[in-house]
Amino acid sequence: MKSAVETLNPTRVRLTVEVPFEELKPSLDAAYKKINQQVTVKGFRQGKIPARVIDQRFGRGAVLEEAVNDALPKFYTEAVNEGELNVLGQPEVDITELKDGELLTFTAEVDIRPALEIPDYSGIEVEVDAVEVSDEDIDKSVEQLRDRFASTTPVERAAEDGDVLTVDLEAKVDGEVLEDGVAQGVSYTIGSGELLDGIDDAVKGLKAGETGTFTSELKGGSAAGKEAEVKVDVTAVAARELPALDDDFAQLASEFDTLEELRADSAKRLAQMKKYDQATQAQEKVLDELLKLVEVPMPEKLLADEIETRKHNLVNHQLGQMGLDLAKYLEIQGKTEEEFDAETKEQAEKGIKTQFILDELVNKEKLNVSQEELTEHLMRRAQSSGMSPDQFAQAVVEGGQVPMLVGEVARGKALAVVVEAATVKDTNGEVVDLDDEDETAETVEASEAESTDAEKAEKTEG
């Protein structure tokens, strides 16, 4: 077999492959055997029909077609390996010559990963928010904890802001009660914003046993997005009472003996959260600066597939679960379809560029993924997916997704290398020491590139 590679553009090549006919013999033998098992000829036992009889009765062309279809993947893969190509997706194959007994020639056009030059990235500088915890932040944190320990007491007065009501709801659209528009015994805190818009004004001033009505756009269900007339029956009113902010509360709500100790712990936890947010911000900004440094030719088909995948996931999974279609979603977002398409394309391009650049860095920096690192990443992914680690691991193995997870971890490590080389300062001008960036790197990288089809495309190269 001989092969030659013609570069069509930085992301696409054409392979020309010549195969001497003797190299097709194993596939020809397999073709005769397969046809033997599928047909019957009077006078011959099934599976024992001579090749010349098959040629006479069914045509040599049918045998050649079967043999070529069997052989093409093998010869294509050999040509890819011989050319040391990093291909993406399935090739477009064209048989240009087939001379029985002499030669098979075919071409294969396929997208490839572009060759990238990673420049010196040590000069990257970014600014992030300073880690500062104010008394107001601590007050808010303690107040949120206090709110969790609030008690309720039934009252006979009219409902006020902050009261907890028990209500029955009935929604009508065009005068008809919806099958899924009736709910009873619903608990609702006035001012929480947890139910329908307009309910607060409808129930304020009502006592138990009284009824109010209001009009609201339904957020979910069979009539999501439609205006509905909603009747709300108040069956009970209860006042919320917050515990006093004292040492007794600290002992009730935590392992601490005093309110002062509780506030100190809140300050510590808030600082840790802000430190994590700061690291995430640093990763995002460093990544953006890195993307500016590298010119990445974009494989057109890969980009088109990625855009389609993102739109499909949004429409059929995320919006579908909320009972919305794309038109209603765009109306809520205040976007035109053209703006949505432009944003989706921009996000897809960024995701693909991120993956290509970080993969190149993995090779350049010779980064490896240990079993421990892969296990830790798998645990985090399992947690975010709502599955147990064992269930998630089984799904990953059965789906052949282990290499994809390894790639995610490796790219996270590559981004951490860039961040370590960059200068990160906070808004106070202080240099930030990011000592927990590895885990954050995976989070940031995954948000940009996890859903791209580049890795999936590479898996189909054979």
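Residues numbered from 1 in each chain as written. Predicted model: local features only at pLDDT ≥ 70, side-chain atom pairs only at ≥ 80, totals over all residues. Heavy atoms only, no water.

**Quick look at the pattern of salt bridges**
Short version of the rule: Just to be clear on terms, a salt bridge is a Lys or Arg side-chain nitrogen sitting within 4 Å of an Asp or Glu carboxyl oxygen. Helix and strand assignments follow DSSP, with helices taken as H or I runs no shorter than four residues and strands as E runs no shorter than two, numbered in order from the N terminus.
For the coordinates displayed, the defined rule picks out 31 salt bridges. As a salt-bridge pair, K274 and D137 come within 3.9 Å of each other at their nearest N and O atoms. With K274 in helix α7 (residues 259-293) and D137 in helix α4 (residues 135-148), this residue pair connects regions lying 137 residues apart in the sequence. Put simply, E289 and K292 hold a salt bridge, and the shortest N to O gap is 3.1 Å. In this pair, E289 and K292 are both assigned in helix α7, three residues apart and thus about one turn of the helix distant. Several salt bridges converge on common partners, so that one network encompasses E6, R12, R14, E92, E109 and D111.

**Here we look at the confidence of the model for the protein**
Reading predicted coordinates in detail is not appropriate for stretches of low pLDDT. What counts here: The predictor attaches a confidence to each residue, and that confidence, scored 0 to 100, is pLDDT. Here, residues are in contact when the closest pair of their heavy atoms is within 4.5 Å.
Mean pLDDT for the protein: 89, with 94% of residues reaching 70 or above. pLDDT under 50 marks residues 437-451. Its contacts with residues more than four places away, or in other chains, come to 41 contacts.

**Notes on the sheet that holds strand β2 (residues 12-20)**
Put simply, the test is: Here, a strand pair is defined by DSSP locating no fewer than two bridges between the strands. The angle between two axes is taken between their N-to-C directions and runs from 0 to 180 degrees, where each axis is a line fitted to C-alpha atoms and a helix contributes only its stretch in contact.
Read across the sheet, four strands follow the order β1-β2-β4-β3 without closing on themselves; strand pairing throughout is antiparallel. Looking at strand neighbours, the two that pair on one side only are β1 (2-9) and β3 (87-99), the edges of this open sheet. In this sheet, adjacent strand axes meet at a mean angle of 20° when their direction is disregarded. Pairing of β1 with β2, which is carried by seven bridges, proceeds in the antiparallel orientation.

**With respect to unusual backbone geometry**
The phi angle at D174 is positive, at roughly 55°, despite the residue not being glycine. Checked against the element boundaries, D174 lands in the loop between β7 (164-173) and β8 (176-189). Residue K366 is not a glycine yet carries a positive backbone phi of 55°. Locating K366 in the fold gives a position in the loop between α10 (337-364) and α11 (371-385).

**Details of the packing of α4 against α7**
Selection criterion: In these notes the angle categories are as follows: under 35 degrees is roughly parallel, over 145 is roughly antiparallel, 65 to 115 is roughly perpendicular, and the rest is oblique. In this count, Pro and Cys sit with the nonpolar residues alongside Ala, Val, Leu, Ile, Met, Phe, Trp and Tyr, while Asp, Glu, Lys and Arg are called charged and the others, Gly among them, polar.
α7 packs onto α4 with a crossing angle of 110° between their chain directions and a minimal axis gap of 9 Å. Relative to α7, α4 is oriented roughly perpendicular. Residues D135, D137, I138, D139, S141, V142 and L145 of α4 form the contact with α7, whose own contacting residues are L262, R263, S266, A267, R269, L270 and K274. Taken together, the residues that form the contact of α4 with α7 break down as six nonpolar, two polar and six charged.

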